[in-house]
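# Topology and contacts: notes
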Amino acid sequence: AQAVRRMIDAGLPVHLVCAGRGDERDAILALLGDRASCPGVVTGEPLARLYASADLFAFPSEVETFGQVVIEALASGLPVVAAANGGTGRLFLDQGAGLVVEGNEPEAWAAALTTLRTQVVTPLRGEADSLDAEDWERLKSLMAPYEAWQAAFASAFEAWLGDLAEGARETT
């Protein structure tokens, strides 16, 4: 929330959505006001709509080994920013994909989120009909990291499934 506050203070039109349980809800809303929504636990179709309407996904947890929400975000085509110290960050680092933030300093998170927002999300939200050939080439180059992330994620996920299967075979 502090990173988003810095983005708002810098003039970026952002809105934070924090779905799920957490004891920071009141503090987030106090810090960000109407620039934040905290709907609580969201599942099913409403969750799919949240992913579909998002521009990017941040996973700052340094304690979760791997959040299913990251898989859901990637499957929804969202760029993901993850903490380097969490399991997700290690996976991205190991696979060479994703944007990973060292530490939990709001400035570092604001910089990473701003980078994705200004270099990837904003150009892709432009008017498609007004793009010329040079714009399309630039957009294709902007999408290259996503394609690498998707390939690395698929590889890591297949390896993880293989590890699960191997573990199951060892226990039987």
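Report on the accompanying structure. Remember, it's a predicted structure, so these values are computed and weren't measured experimentally.

## Re the sheet that holds strand β4 (residues 80-83)
What the 3 strands build is an open sheet, ordered β3-β4-β5; its pairing is parallel. This sheet does not close on itself; its edge strands, each paired only once, are β3 (57-59) and β5 (99-101). Averaged over all neighbouring strand pairs, the angle between strand axes comes to 20°, with direction disregarded. In this fold helix α4 (residues 68-75) packs onto β3 and β4, with an angle of close to 160° to the strand it touches most, β3.

## Some details on helix α1 (residues 2-9)
In an α-helix, one turn spans 3.6 residues; hence positions three or four apart end up facing the same way. Of all the positions in α1, only A3, V4, M7 and I8 are classed as buried. The buried residues of α1 all sit within an arc of 140° when viewed along its axis, so they share a single face. Just past α1, the residue G11 takes up positive phi, approximately 95°.

## Topic: the packing of aromatic side chains
For any pair of aromatic rings, the description consists of the separation of the ring centres together with the inter-plane angle of the planes. Enumeration over the complete set of coordinates arrives at 1 aromatic pair. Taking 6.2 Å as the distance between ring centres and 45° as the angle between the ring planes, the aromatic pair formed by Y51 and F57 counts as tilted. The exposure class of Y51 is buried, given its relative accessible area of 10%.

Rules used in this analysis
Residues numbered from 1 in each chain as written. Predicted model: local features only at pLDDT ≥ 70, side-chain atom pairs only at ≥ 80, totals over all residues. Heavy atoms only, no water. Pairing = 2+ DSSP bridges. Helix = DSSP H or I, 4+ residues; strand = E, 2+ residues; numbered from the N terminus. Axes fitted to C-alpha atoms, helices over the stretch in contact; angles between N-to-C directions. Contact = heavy atoms within 4.5 Å. Buried < 20%, exposed > 50% of the residue type's maximum accessible area, 1.4 Å probe, protein only. Arc of directions from axis to C-beta. Phe/Tyr/Trp six-rings, centres within 6.5 Å; stacked < 30°, edge-to-face > 60°.

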